[in-house]
Amino acid sequence: AMEEDEGLGSMPFEAAVALSRMGWHEAWRASLKRAERAGSLDAGKPDGKKAVVADKDAQWHKARAAKAAETWNLLAPKWLDKPRGAKEGAEVTKALLDCAKAAAEHTAARRVGFISLIGDPAKKAERAADEDALQAWQRWEAAQSTLKEHRSVLRESLADVASNLLWASGWHAANSVAEAEVKVMEGKEEDEDRMQEFDDGDEEGEGDDDEAEGDDDDEDEEEKFGADYMGSSDDAVEDHIAILSALPSLFWDDLVPWQGTRLHLFEDAAAAVAAVEAISRVPTFSGPFPRGLNAIRLVLREALCTPKDPLGDMARAALSRAEAIGLRVMLEVPAKEGAKGEEWLRKVAQETADLKCVRAVALPQAVVDFDGLKGLLAAVRTGGLTQGRCQIVLLAPCPEDETGEDYDGWSAEFRAMHSTDVASASQNVLLQDGNVLLERPAYIPSKEEGGPEDAQGLLDAASHVGDSAQDMGLVGSWNLVVPKGVKFKSKDGPSLDWYREFGQRLLGSVQSAESGWFFDAWERPPDAGGEGPAAQFGLKAALEAGWLDFAAKDQVLAPTGAKHTHSLIYLHGFMCDGYSYLCEPEYFYKMKKRVKKKKSSKSKTKDDDAAEDEEEDYEPHPGLKVVCPSAPCRKITCQNGREQPSWHDYLTDLDGEGEDDLPREELEEVAKRIHELLDREVAAVGAKNVFLGGASQGCAVALHCALTYPGGGLGGLLGTMGHLLSFTEIQPVWVESKTPVFVYHGLADTTMPWEKWVGPSYQRLKDAGVDVRITTEEGVDHADGNREQAWTRSFLTEVLRPASVKTVGKKADAKKGAKKK
C-alpha cells in the first residue's frame, strides 16, 4: 500500500502482530522490573506466597519481547526494504524497536514504584524516576526523528499509528501495575495509619479539583518533556481500547467506515436481490467520501440454514448480487459458543472466503467470555476469513458504570474486557486475534429510564445518541423510534419537519463513530415487535417518508421556542462536514442555568459520596435557525489527489508558513451556493438578522462569501481559527454596511499562526474601516473544539442581545474606557 512519492501505508499482518507483541512484552517487562526493585508487589497471601512474583514475570516478558523482536527483525525488512533499499529499511526497523523500548521505560518510570515510599526516600526515588523518564523520552524523540526522516519508507500516518500502539502498550502495563501496587498497599495492615493520612488530606479538600490538577499535570509534563510530549494516561482501560483500535489499523486496508443497513431475509431469493440493488442506489450527497449506503449487514437465520447449506438460498443470492455491484457485506451470524456454533461459523467462512465483498463477521449472540469466544474466533479464521481480509465484530458490554462504584466510571463487565491480570499479563483473545471490532447500539432511553421528556429534549438526545459507542468505534444499530413518555405540543404528535431534524441529528451523531454504523433494518421483518410507523424501524420506509436524506447538502437546526427571527449559516473546516455540528448542537446554544449535578465517582472522596458540583447546561436561542452546509468531496492536489470534503482544492501546503494557493474558480462556485442560502434567509428574517461564519477553512470561505455578497451587509460575521484570503476584495459599499466582524483565534495555533500572517490579514479589514472585534487566547491551538464552541456561543450571545441591553453594554464599556484613559 504505497502512493506516489509516499512511503508504505500498511504492513503485513504478521509484522503488525510482531510489533504489537514486542511493545506489549517490553512494557510489562519494564513496569514489573521497576515494581520488583521497589518491592511494591510483595504483600503476602495467607498461604505465605507473594501476591505477584514480579521478578519471574519480568524475566518471562523479557524473553517474549526478545522473541517478538527477533520475529520483527526477520519480517520487517521484507517490506520495509522495498521503497528505498535495505539501508533505510533497516533504520526504520530499528527505530520502531527503539520506540517500543523507550515507551516501556518511560511509562514505567512515570507510574511505577512510588506507593510504598514516603518522606525523603520517596522524593529521592521520584527524582531518579524523573531522570529515567526523561532519558527514555529523549530516546523516543530520537527514534521519532528517524521515522520522520524516512517518510519515503514509512508513511507518516502509519508511523503515527505504530507509535500510538507502542505508547498505549506502555501506559497500559504501567497503569495496570500501579493499580496492583495500590491494592497491595491497601491490604497491608501496618499501613492503615498512612492510608488514613491520605484520606484525611482528601477530606480537607486536597485533590477535589480533578480538572485543575489535570491542567497542572499537563503544564508540568510540557515543562519536563517539551511541547511535543504525547501525554500521559492514568486509565488502563482506555489504554487497552487504544491498543485494540491501533493494531488492525497497521494492516487493515479497508478504512472506509461502514454505512449501511441490516438486511433481514424473509421472502425469497428474488426479493433479497432486489433489496440489495435498492440499497446500492440510495442517493448520496458526495461521491467516494460516503454519506450514503456502502454496505449491507446480512442477517443469517439458523432456521433457513442446514448443516449441508450453512447460508441458505436467499443469503447466497444476496451475496452474489453484492459481489457483482461492489457493495461491502458484514455477515451477522447468531452462533453461540460451543461445537455447534463453531461448526456453523467454520462452514459459513468456507463458503464465503472467496467473496471479496465479505469484509466482516458479526457475532451478536457471543458472550464476551474469553474461553468460549476463542473457539468462535478460531472457527472464522480456520474457515478462510483471515485477519488480513475480515474483521470480527463483537457486542461490547455497556461501558458506563451505573452503580457509581468504579473510580474511572467503567462498568464491571467492560473493565473486565479491557483489564490485564498482573500475575500473567498475557494479551487477551481480542488482541491475540488482532482484528476485532467492538460495537454498541445507539439507544435513547424512555422517560421512565431517565430519558428526554419533550420534543426539544429528544432532538438533543438524538444528537448525542452515538456517544456511548465512541469507545467501540461502530454503532451496531440505530433507528427512528420515539421513546415512550415524550410530550409534543401538537396532539397529532411530531410533524414531518420535526422528524426530518430528528433523523438528520441521529445520522449526524452516528456518523461520528469512527468505524461507522448500521440502521436496524431495511424492511422490518413480519415477526418483529414494536409499535409505531414502519419508518421508525425500516430504513426503506424512512427514506420514502422523507425522515432521512443521505443526499442533503445542508444540515439544519430549526428555530425553537419562538417564531423564526434570526439565522446563522456556519461553514465547517477542511475534512469535516455539516453533520459534525449536528452531533454537538451546543455550539449554537446559550447557557440555560446552573444545575446541581453529582460528582463522578472518580472525583468523590471516601466519606463524601453525596458531594455535588455545578455543571453548565445549554438550550437553543429562541427563534434562531442554524444552517450547517457540507462541502463537496474533491481531490486535493497537495495530498496527491486524495479525496476529502473541502470547500476548495489546495494547490500547495506551506505547513503554516503562509496562505496556501487555491483555485479561485472553485471558490466562486462555493460563493454562489452560499449566496443562495443567504438570499433565502434574508428573505425570511431580513439582512440584519442573518449571520455568516465559519471555522478554519470555513472561516476564510465565509468571509469571502460575505464580502462578495450582492445583497449587502449582514447582522454580523464570525471567524474562528481562520483568516481573510489575500485576494478577497473589500468594497466601499460593504464597509458602509457597518457589518461587525467577530474574530476568535488561538495564539498557539501553528497551522494558521496569528502573529506571522493571520493577524495581518485582518488588518486589511481594519484599515478599510470595518468594525473588527478580535479575541485571541494564549495556549489555544488549531482545531480546538472546546474553544470553538465557547467562541460561537460568545458571538451569538453578543449579536442576539436585545437592543436595549446592547445600548447599556456600550455605555458601560465607554465608562470603563474613560476610566482607563
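Everything numeric here is computed off the predicted structure, so don't read it as measured data.

1. Some thoughts on the overall build of the protein chain
Stage number 1. If you tally the helices and strands in the protein chain, you get 26 helices and 19 strands.
Stage number 2. The buried share of the protein chain, taken over its 821 residues, is 51%.
Stage number 3. Taken as a whole, the protein chain presents about 37600 Å² of accessible surface, with 49% of it coming from carbon and sulfur.

2. Examining the confidence of the model for the protein chain
Parts of the model with low pLDDT should not have their predicted coordinates read in detail.
Stage number 1. When pLDDT is averaged along the protein chain, the result is 86, and 87% of the positions lie at 70 or above.
Stage number 2. Here residues 44-48 scores under 50 on pLDDT; set against residues more than four positions off or in separate chains, the count is 3 contacts.
Stage number 3. Low pLDDT, under 50, characterises residues 807-812; the stretch is placed with 1 contact to residues that sit more than four places away or in other chains.

3. Some thoughts on unusual backbone geometry
Stage number 1. One non-glycine residue, M575, lies in the positive phi region at around 70°.
Stage number 2. A positive phi angle is found at D655, which is not glycine, with a value near 55°.
Stage number 3. Here D655 lies in the loop between β15 (642-645) and α21 (664-685).
Stage number 4. Classification of D655 by relative accessible area gives exposed; the value is 64%.

4. Comments concerning the sheet that holds strand β9 (residues 554-557)
Stage number 1. Here we have 7 strands laid out as an open sheet, ordered β9-β13-β10-β16-β17-β18-β19, and mixed in their pairing. The strands lining the two open edges of the sheet, one partner per strand, are β9 and β19 (772-777). The sheet shows a mean angle of 15° between the axes of neighbouring strands, direction not considered.
Stage number 2. Sheet topology places strand β16 (residues 690-695) next to strand β17 (residues 716-720); 5 bridges connect them, and they run parallel. Opposite G694, over in β17, you have G719 as the bridge partner.

5. Some points on the sheet that holds strand β2 (residues 295-299)
Stage number 1. Reading around the barrel, the 8 strands line up as β1-β2-β3-β4-β5-β6-β7-β8 and close back on themselves, with parallel pairing between neighbours. The average angle at which neighbouring strand axes cross in this sheet is 25°, direction not considered.
Stage number 2. Strand direction decides the pairing type here: strand β1 (residues 258-264) and strand β8 (residues 516-519), joined by 4 bridges, are parallel. Within the sheet, the bridge partner assigned to G260 lies in β8 and is F518.
Stage number 3. Here helix α13 (residues 370-382) sits on the sheet in contact with β4 (358-363), β5 (391-395) and β6 (436-440), set at roughly 150° to β5.

6. Description of helix α25 (residues 785-799)
Stage number 1. Taking 1.5 Å as the rise per residue, α25 with 15 residues should run 21 Å; its terminal C-alpha atoms sit 21 Å apart, in good agreement.
Stage number 2. Looking at where α25 begins, the residue whose side-chain oxygen comes 3.2 Å from the main-chain nitrogen of N786 is D784.

The rules behind these values
Residues numbered from 1 in each chain as written. Predicted model: local features only at pLDDT ≥ 70, side-chain atom pairs only at ≥ 80, totals over all residues. Heavy atoms only, no water. Helix = DSSP H or I, 4+ residues; strand = E, 2+ residues; numbered from the N terminus. Buried < 20%, exposed > 50% of the residue type's maximum accessible area, 1.4 Å probe, protein only. Areas by Shrake-Rupley, 256 points an atom, 1.4 Å probe, with all protein chains shown as cover. pLDDT = per-residue confidence, 0-100. Contact = heavy atoms within 4.5 Å. Pairing = 2+ DSSP bridges. Axes fitted to C-alpha atoms, helices over the stretch in contact; angles between N-to-C directions. Expected span 1.5 Å × (residues − 1). Polar contact = N/O pair within 3.5 Å; in protein donor to acceptor, adjacent residues only side chain to side chain.

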